[in-house]
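What follows is each chain in one-letter form.
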Amino acid sequence: MPNKIILILVYFFLMQRNSFAYLDPGTGSIILQAILGFIAAAGASVVLYWTKFKELLSKIFKSKNKKSE
Amino acid sequence: MNKLDYEPGSFRDPTARVFYYKDSIYREIFPAGEEKLKFLKEKNLLKDLIDKNFLIGSEELKKKHFDFIDENSIVIKHDKLNFISYPYEWTFNELKDAALFHLDFQIYLLERSAQLVDASAYNVQFRNNKPIFIDLLSIDKYREGEYWVAHKQFCENFLNPLVLTSKKGINFNNWFRGNLEGISTHELSSILNLKDLINPTIFFHVYLLNKIEEKSQKNPNKVTEKIKTSKGLSKNSFRSMLISLKKFIESLNLRKQSSIWDQYSTNNSYSKEDERKKIKAVTGFLKKNNFKLLGDLGCNDGKYSKLATENNVETVIGFDFDLKVLDRAYLNAKKNSLNFFPLYLDASNPSGNLGWNDSERMSFQRRASFDGIFALALTHHLAIAKNIPLNQILSWLVSLAPKGIIEFVPKEDPTTQIMLSLKGDIFPQYNEENFEQQLSKLAKIENISVVSETNRKIYEYKRL
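Residues numbered from 1 in each chain as written. Chains lettered and ligands numbered in written order. Predicted model: local features only at pLDDT ≥ 70, side-chain atom pairs only at ≥ 80, totals over all residues. Heavy atoms only, no water.

Draft legend 1. Here's a closer look at the overall build of chain A. Counting its secondary structure elements, chain A contains two helices and zero strands. Looking at chain A as a whole, 25% of its 69 residues qualify as buried. Accessible area of chain A: about 5,200 Å², with a carbon and sulfur share of 68%. (Helix = DSSP H or I, 4+ residues; strand = E, 2+ residues; numbered from the N terminus. Buried < 20%, exposed > 50% of the residue type's maximum accessible area, 1.4 Å probe, protein only. Areas by Shrake-Rupley, 256 points an atom, 1.4 Å probe, with all protein chains shown as cover.)

Draft legend 2. Layout of the overall build of chain B. Counting secondary structure elements, chain B contains 18 helices and 16 strands. Here chain B has a C-alpha radius of gyration of 25 Å; the compact-globule value for 464 residues is 23 Å, and the two agree. With the C-alpha coordinates of chain B rotated into their principal frame, the extents come out at 75 × 60 × 40 Å. Burial analysis of chain B (464 residues in total) assigns 55% to the buried set. If you sum the accessible surface of chain B, you get close to 21,100 Å²; carbon and sulfur atoms cover 49% of it. One way to put it: in chain B the 67 positive side-chain charges average out to a point 3 Å from where the 59 negative ones average out. (Rg over C-alpha atoms; globule rule 2.2 N^0.38 Å. Lys, Arg positive; Asp, Glu negative; His and termini not counted. Charge placed at Lys NZ, Arg CZ, Asp CG, Glu CD.)

Draft legend 3. Structural view of the pattern of salt bridges. Residue and element names in this part refer to chain B. Per the stated rule, a full pass over the model turns up 31 salt bridges over all chains. Between Asp97 and Lys334 there is a salt bridge; the shortest N-O distance is 2.8 Å. Here Asp97, found in helix 3 (residues 92-111), pairs with Lys334, found in helix 13 (residues 323-335); they are 237 residues apart in sequence, far enough to count as distant. The exposure class of Asp97 is buried, given its relative accessible area of 14%. A residue is classified by how much of its surface remains accessible, and Lys334, at 35% relative accessible area, is partly exposed. We note a salt bridge from Lys444 to Glu446, for which the minimum N-O separation is 3.9 Å. Overall, Lys444 belongs to the partly exposed group, its relative accessible area being 48%. On the basis of relative accessibility, which here comes to 39%, the residue Glu446 falls in the partly exposed class. Through salt bridges with shared partners, a single ionic network connects Arg12, Glu181, Glu360 and Arg361. (Salt bridge = Lys/Arg side-chain N within 4 Å of Asp/Glu carboxyl O.)

Draft legend 4. Representation of the sheet that holds strand 5 (residues 74-78) of chain B in the model. Strand order in the open sheet made by the five strands is 1-2-3-5-4 (chain B), with antiparallel pairing throughout. A single partner strand is all that each edge strand has here, and the edge strands are strand 1 (5-6) and strand 4 (58-60) of chain B. (Pairing = 2+ DSSP bridges.)

Draft legend 5. Broad picture of the packing of aromatic side chains. All names here are of chain B. A complete count under the given rule lists 39 aromatic pairs over all chains for this structure. Ring centres 5.8 Å apart and planes at 10° place the aromatic pair Phe83 and Phe370 in the stacked group. Taken together, the positions of Phe83 in the loop between strand 5 and helix 3 and Phe370 in the loop between helix 14 (364-367) and strand 13 (372-375) put the pair 287 residues apart, joining distant regions of the chain. For the pair Phe83 and Phe370, a shared accessibility class is recorded, and that class is buried. Ring-pair connections join several aromatic residues into one group, and the members of that group are Tyr6, Phe19, Tyr21, Tyr26, Phe66 and Phe68. In this structure, Arg361 packs its charged tip against the face of Tyr122, placed 3.8 Å from the ring centre. (Phe/Tyr/Trp six-rings, centres within 6.5 Å; stacked < 30°, edge-to-face > 60°. Lys NZ or Arg CZ within 6 Å of the ring centre and 35° of its normal.)

Draft legend 6. Highlighting the domain arrangement of chain B. Residue and element names in this part refer to chain B. The domains assigned to chain B are domain 1 (5-78), domain 2 (87-251) and domain 3 (272-463). Its C-alpha centre places domain 1 at a distance of 26 Å from the equivalent point of domain 2. Contact with domain 1, which involves 24 residues of that partner, is made by 21 residues of domain 2. Roughly 1,900 Å² is buried in total at the junction of domain 1 and domain 2, and carbon and sulfur atoms are behind 66% of that figure. When the buried surface of domain 1 facing domain 2 is broken down by residue, Lys36, Phe39 and Phe54 rank first, second and third, together holding 34% of it. (Domains from an automatic or database assignment. Contact = heavy atoms within 4.5 Å. Buried area = accessible area lost by both parts, 1.4 Å probe.)

Draft legend 7. Up close: the confidence of the model for chain A. Averaged over chain A, the pLDDT score is 69; the fraction of residues at 70 or greater is 58%. Note on residues 10-23 of chain A: pLDDT is under 50 here. Beyond four places in sequence and across chains, it has 30 contacts. (pLDDT = per-residue confidence, 0-100.)

Draft legend 8. Seen up close, the confidence of the model for chain B. Mean pLDDT for chain B: 93, with 97% of residues reaching 70 or above. The ipTM, which scores confidence in the relative placement of chains, is 0.77 for this predicted complex, and the corresponding pTM is 0.89.

Draft legend 9. Layout of the side chain of Thr379 of chain B. Residues and elements named next belong to chain B. One can find Thr379 in helix 15 (residues 379-385). Given the relative accessible area of 0%, Thr379 is considered buried. Separated by 3.1 Å, the side chain of Thr379 and the backbone oxygen of Glu407 make a polar contact. With residues near it in sequence (within four places) discarded, Thr379 still touches Ile393, Leu397, Ile406, Glu407, Phe408, Tyr430 and Phe435. (Polar contact = N/O pair within 3.5 Å; in protein donor to acceptor, adjacent residues only side chain to side chain.)

Draft legend 10. Examining the sheet that holds strand 11 (residues 315-320) of chain B more closely. Residues and elements named next belong to chain B. Reading across the sheet, the seven strands line up as 12-11-10-13-14-16-15 and stay open at both edges, with mixed pairing between neighbours. Two strands bound the open sheet, and with one partner strand each, they are strand 12 (340-344) and strand 15 (443-450). Across the sheet, the axes of successive neighbouring strands diverge by a mean angle of 20°, strand direction being ignored. Bridge count between strand 15 and strand 16 (residues 457-463): seven bridges; the pairing is antiparallel. Bridge pairing in strand 16 places Lys444 opposite Lys462. (Axes fitted to C-alpha atoms, helices over the stretch in contact; angles between N-to-C directions.)

Draft legend 11. Region of interest: the packing of helix 16 (residues 390-400) of chain B against helix 18 (residues 432-442) of chain B. Residues and elements named next belong to chain B. Running from N to C, helix 16 and helix 18 cross one another at 40°; their axes reach a closest spacing of 9 Å. Taken together, the axes of helix 16 and helix 18 lie oblique to each other. Read as a crossing pair, helix 16 and helix 18 show a hand that is right-handed. For the pair helix 16 and helix 18, contact is made by Leu390, Asn391, Leu394, Ser395 and Val398 and by Asn434, Phe435, Gln438, Leu439 and Leu442, respectively. Looking at the contact of helix 16 with helix 18, its residues break down into six nonpolar, four polar and no charged. (Parallel < 35°, antiparallel > 145°, perpendicular 65-115°, else oblique. Left-handed = near helix turned anticlockwise from the far one by under 90°. Nonpolar A, V, L, I, M, F, W, Y, C, P; charged D, E, K, R; others polar.)

Draft legend 12. How the structure looks around helix 13 of chain B. Residue and element names in this part refer to chain B. The end-to-end C-alpha separation of helix 13 is 18 Å, in line with the 18 Å expected for 13 residues at 1.5 Å each. Where helix 13 is concerned, the buried positions are Leu323, Val325, Leu326, Asp327, Ala329, Tyr330 and Ala333. Against the buried residues of helix 13 lie helix 3, strand 7 (124-127), helix 5 (173-178), strand 11 and strand 12. In this structure Asp322 caps helix 13, since a side-chain oxygen of it lies 3.1 Å from the backbone nitrogen of Lys324. (Expected span 1.5 Å × (residues − 1).)

Draft legend 13. Spatial organisation of the nonpolar core. Residue and element names in this part refer to chain B. With 121 residues, the main nonpolar core has Leu49, Phe154, Leu297 and Phe370 as its most contacted residues. Per element, the largest residue contribution to this core is 12 residues, and it comes from helix 3. Among the nonpolar cores identified, the runner-up in size contains 24 residues, and Ala281, Ala308, Val313 and Tyr344 belong to it. (Core = buried A, V, L, I, M, F, W, Y, C linked by side-chain atoms within 4.5 Å.)

Draft legend 14. Inspection of the side chain of Gln125 of chain B at higher detail. Residue and element names in this part refer to chain B. Summarising the element assignment, Gln125 is placed in strand 7. With relative accessibility at 1%, the residue Gln125 sits in the buried group. Within polar-contact distance, the side chain of Gln125 engages the backbone nitrogen of Ser85 at 2.9 Å. Sequence-distant contacts of Gln125, defined by excluding residues within four places in its chain, comprise Leu81, Phe83, Ile84, Ser85, Lys130, Pro131, Ile132 and Ile134.

Okay, here's the thing in structure tokens:
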């Protein structure tokens, strides 16, 4: 999914074609929502991994503390 | 109103149509719209939305209630509003409250696996200063992964006009009235500067949206294909987007600019004694009548509208052309729970019949079904500043309501003198004698009160 979004973005910002047809005015809005959805999902993933990373750190430190006791 | 009238503005919904009959308002739902109604009735959603004041009262009538309605249709009777207003007549904070209401409504619906399929600001109306949604068929089932189909419409009807006024200091009203779909993303985007774009909401929902639209116009087939194969928007992302829009709109404020009329009710040419006389004259008129709906033309900050609400008037709709003062009037009315709703109106250029077939949005005149009107300190502005002949002003005012009070401000009054000082006295017809003569042709003058030392007079009229 993220790869697809990046491809769509690259496509829109780099490609220039001749206009030839009418497009439903809501289409741009849907693409924007896909981008926002991706950002939100990416943000959520970062938060998730950060939480996991913190949990891992606390586990390591707890086990070290236990050993030193 | 005893006859059947179809609402010309309801043509956009192919599944229903709105009609008026014997002073009540109904919606005829065709078989194609039955599924939506069924969904609304499931799990008591319809009742719940009405009880929570999200949706206007809507009661399903028994079949064959009206012999002129097809037996396959379902008829819903709606609560009737005192006055229908349009977003281009709202003040900044009125549109802001309507936008926040719309988002709150959508967030609530999402919790109940429903959604709004459009985001037309015309579907939000105000009842006792509180927004309420009027179109039950805009509500439909939500399916996980669906995009917010009304996103662009929300931007153009709500977000963009608010950004235009808050960030650029341009009142959205006349622009909105020129394009009934709101402020286009493309137009707003072209006046944004770098400072505006730092804000993520403006960057994504205005600038980037416009850029994507421009690009997607180039190769629509490919874009449509990509969209069809995309995964969709999760419910959580949808909700987050609504909440972030809500937070952004909550942060928007009207720019601080002073206007000539800003301090008018506290800083005017009236002495304390004159003011007392004016209040007495207005109160006397109100006590003699029992108005349900009163129009206050030139309401300023709503001082006399408030007086009306305190003297048996059920609802007052105020009109003025100074949006800053009107906005203050709205916030004050809201704070004090007054049944007074102020709207933008330039009396020399009132809202006309607009939209498809010149009938989608009704003119001010068509909606003006007032029992009474106030036109206090108004006529001299139209006559002297706008050069409108007295007979035409009076004819317009009297056409708005069968009863009312109209204040005449003579040329000797300091405010009129200021207006004449640069223009020169090119108004030989503007005098008390002509005023009385013209008013008498249209109405019976029931009472005259002198309300100032400069001989300002308040005329009570009853239409002939």
